[in-house]
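Structural description and commentary
Read off the chains here:
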Amino acid sequence: MHHPPNPLLLYSFPSDDLPRALADFVLKAQKESIEKKGRFTIALSGGSLPKQLKELINDPTVKWDKWQVFYADERVVPLDHPDSNHNLCKSKLFQHVPIPPANIHHIDPVLLDDIEELADAYEKELIREFAQKDSARFPVFDLILLGLGEDGHTCSLFPGHELITESDRWVAYLEDSPKPPPKRITLTFPVLNHASRIAFVAAGAGKADVLPLVLDNPEERKLPASLVKPAHPGQLYWFVDDAASVNVAFSKTPFKL
Ligand SMILES: O=C1O[C@H](COP(=O)(O)O)[C@@H](O)[C@H](O)[C@H]1O
């Protein structure tokens, strides 16, 4: 049995309870951000994450008009393709809520068929949102929600890939993703690690083997998910279900916001 280092903000739930806890966490982050800055900047992943956000759909406390949504990564496919992270977020969340379309900053490959230009355009979009308002070297998201791949990848940052060492760009691209589709756009580690809060969300038995490897974090493994370490005062959280955390031993402190 693996014992993770302390302190670790890892919360485990029966899988039916995970979406509500995650929604409460997102809403707390939303409230604090709006009180402080009048807006809430969030980056979303795709894959299995969007369906975990279902409890936000009918929650009257969500201030959709204050949200500015970016994607942590995107697969370069048409926006209505089943692999599109935007399409996933739209079908599981956005098409059911009154968020102004202009507040969703998606990456549309149909507009630009050169992937480098596509990444540049998304970086410029981030600069428009963040650099003018916050004047930081890297954008400071109020919240980034990340998934965990079974190989330890997160966003489109894969084990052993050169993008892991990217230290300058906000947005990068790859054409050789080991997981299909091959062409992808991704936020980089400096952007992830400047966020105010990052929450990984991992559910299902498919994550059970990799989760202790990521939490154990031996330098030699260099699993991308274990390289997510927000700089102080940023904070990292894990929201996992019982199936994903079966190999992790930790004191089950009740989830409290
Ligand atoms: O390809 C991707 O994989 C990760 C993990 O996906 P999951 O379905 O195993 O949760 C996801 O976070 C990322 O956004 C996506 O492009």
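To be clear, the structure that these remarks concern was listed above.
Here we summarise the structure given alongside this text.

The rules behind the values
Residues numbered from 1 in each chain as written. Predicted model: local features only at pLDDT ≥ 70, side-chain atom pairs only at ≥ 80, totals over all residues. Pairing = 2+ DSSP bridges. Helix = DSSP H or I, 4+ residues; strand = E, 2+ residues; numbered from the N terminus. Axes fitted to C-alpha atoms, helices over the stretch in contact; angles between N-to-C directions. Contact = placed C-beta atoms within 7 Å. Near = placed C-beta within 6 Å. Nonpolar A, V, L, I, M, F, W, Y, C, P; charged D, E, K, R; others polar.

Strand order across the open sheet formed by six strands is E1-E9-E8-E5-E2-E3, with parallel pairing between neighbours. Looking at strand neighbours, the two that pair on one side only are strand E1 (10–13) and strand E3 (67–71), the edges of this open sheet. Taking each pair of neighbouring strands and ignoring which way they run, the sheet shows an average axis angle of 20°. With five bridges joining them, strand E2 (residues 40–44) and E3 adopt parallel strand pairing. Within E3, the position partnered with Thr41 by the bridge is Gln68. Against the sheet, helix H1 (residues 18–37) makes contact with E1, E2, strand E5 (143–147), strand E8 (197–202) and strand E9 (235–241), and its axis sits at roughly 160° relative to E9, the strand it touches most.

Neighbouring residues of the ligand: Ser45, Gly46, Gly47, Ser48, Leu49, Asp73, Arg75, Asn85, Gly147, Gly149, Ser156 and Lys179. Taken together, the residues of the shell around the ligand break down into one nonpolar, eight polar and three charged.

What follows covers the sheet that holds strand E4 (residues 73–75). The strand order across the open sheet built from three strands is E4-E7-E6, with neighbouring strands paired in antiparallel fashion. Of all the strands in the sheet, the pair left with one neighbour each is E4 and strand E6 (171–174). Ignoring strand direction, the axes of neighbouring strands in this sheet form an average angle of 15°. Two strands pair when backbone bridges link them, and E4 and strand E7 (residues 184–187) are joined in this way by three bridges, in the antiparallel orientation. For Asp73, the partnering residue across the bridge sits in E7 and is Thr186.

Let us now look at the environment of Pro182. With respect to the helices and strands, Pro182 occurs in the loop between E6 and E7. Residues Pro182 and Ser156, spaced 26 residues apart in sequence, show a C-alpha to C-alpha distance of 9.9 Å. Ignoring sequence-local partners within four residues, the contact set of Pro182 consists of Glu175, Asp176 and Ser177.

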